[in-house]
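Descriptive structure summary
Take a look at the letters that make up each chain.
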Amino acid sequence: MRGVVIDTPGEVRVETLPDPQLPGPDGAIVQVLSAAICGSDLHFYDGDYPLFAPIPLGHEAVGTVVETGPGVRSVAVGDQVLVSSVAGCGRCAGCATHDPVTCIDGPRIFGAGALGGAQSELLAVPSADFQLLRVPEGVSTEGALLLTDNLATGWAAARRADFPPGGTVVVIGLGAVGLCAVRAALILGAATVFAVDPVEGRRRRAVRLGATPLQPPALDAVLDATGGRGAVSVIDAVGSDATMNDALSLVRAGGTVSVVGVHDLNPFPFPATLCLTRSITFRGTLAPVQSTWPELVPLLQSGRLDVDGIFTGSMSLADAPAAYAAVAARTADCVKVTLTM
């Protein structure tokens, strides 16, 4: 099979890889039809994470089941499915909550070394009953791809931001996750969502959703709009030192900072005294993907949750190097790209 791999920052290539084997009696093989490039894939591309060996990339995939083990019950050969980006064992008390992050064996992420990469023609999926979901009726391929990670992440970010109905929320970073977080915050009852990003075109995308755009630094504008108090909640969809510090300055005393952006491997100098004296809640979240599906699927099917405008392009698997370069440029015209097999 063909798949995208990386072993040098800034350079991806499409290689012929061994076909995956069935990962046990509860596993499945999925023929990938469409995969997506996620912002967290760029941590390998940008050199934030060390590369000791070629890593097959990708953790967002929709495809067709082509083989199952005898223990698989929820899907069958021929079913079109989406694959949770975060995998759990599917059997422990943690996975019983439908949150792979709480798996006793620890969560694993496709395309990060422990499991195969989703930007490939075939993908081995362990614990298929836990990891796979039939693509729901009325949900587009793009919607299904977002359910594997970005939409689940944005939804969890807003849920864990703990804002009351009518609250003021700031979302920092308007990539795919940030745009999903804007949508989630508005659906969950935020009266005002300030959308912060240095790229004007991305701010315009947020305006179409009902957000109020702000160019960083946004502190003065947020304080002016909130009578000097700051936002009740801040969602950081970037996860850098700079944006986390910004989030802590934008949130009001007693508020919550919800971080879903992926940080690099360097320690963050956490201002513990500031958080203590201002009673700030600081939360980091790896998406509990499977637990979000019961809420998100009906919202997508009803049309109440609109995901148009997040995907801005589609390329073939063979064009993965150009697709990565386009996404890494972080322009207004290229937010998220699909790779078709």
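This text follows the structure it describes.
None of these values were measured; they are calculated from a predicted model. (Residues numbered from 1 in each chain as written. Predicted model: local features only at pLDDT ≥ 70, side-chain atom pairs only at ≥ 80, totals over all residues. Heavy atoms only, no water.)

1. So, the layout of surface pockets
A volume near 230 Å³ is recorded for the second largest pocket. Lining the second largest pocket are 15 residues, with Met1, Pro20, Leu115, Gly116 and Gly117 sitting closest to its centre. The dominant element in the lining of the second largest pocket, judged by the number of residues it contributes, is strand β9 (residues 122-125), at three residues. Its residues assigned to classes, the lining of the second largest pocket comprises 11 nonpolar, four polar and no charged. (1 Å grid on protein atoms, 1.4 Å probe; cavity = no way out; pocket = protein on both sides within 12 Å on 5 of 7 lines; lining within 4 Å. Points joined across faces, edges and corners; volume = space filled by probe spheres on them. Helix = DSSP H or I, 4+ residues; strand = E, 2+ residues; numbered from the N terminus. Nonpolar A, V, L, I, M, F, W, Y, C, P; charged D, E, K, R; others polar.)

2. A look at the packing of helix α5 (residues 176-187) against helix α6 (residues 200-209)
One way to put it is that α5 packs onto α6 with a least axis distance of 10 Å and a crossing angle of 20°. Considering their axes alone, α5 and α6 lie roughly parallel with respect to each other. Seen along the crossing, α5 lies across α6 with a hand that is right-handed. Across the interface between the two elements, Leu179, Val182, Arg183 and Leu186 from α5 touch Arg202, Arg205, Ala206 and Leu209 from α6. Of the residues contributing to the contact of α5 with α6, the split by class is five nonpolar, no polar and three charged. (Axes fitted to C-alpha atoms, helices over the stretch in contact; angles between N-to-C directions. Parallel < 35°, antiparallel > 145°, perpendicular 65-115°, else oblique. Left-handed = near helix turned anticlockwise from the far one by under 90°. Contact = heavy atoms within 4.5 Å.)

3. Topic: the nonpolar core
Ranked by size, the top nonpolar core spans 48 residues in total, and within it Leu147, Leu151, Phe163, Val169, Val171, Val193 and Ile235 carry the most contacts. Broken down by secondary-structure element, the contributors of at least two residues to this core are α3 (141-147), α4 (150-159), β11 (168-172), α5, β12 (192-196), β14 (231-236) and α10 (289-302). If one sorts the elements of this core by residue count, α5 sits on top with nine residues. In this structure valine 193 touches Val169, Val171, Val182, Ala185, Leu186, Ala211 and Thr212, once residues within four positions along its chain are discounted. Counting 20 residues, the second largest nonpolar core, distinct from the first, contains Val4, Ile37, Tyr45 and Tyr324. (Core = buried A, V, L, I, M, F, W, Y, C linked by side-chain atoms within 4.5 Å. Buried < 20%, exposed > 50% of the residue type's maximum accessible area, 1.4 Å probe, protein only.)

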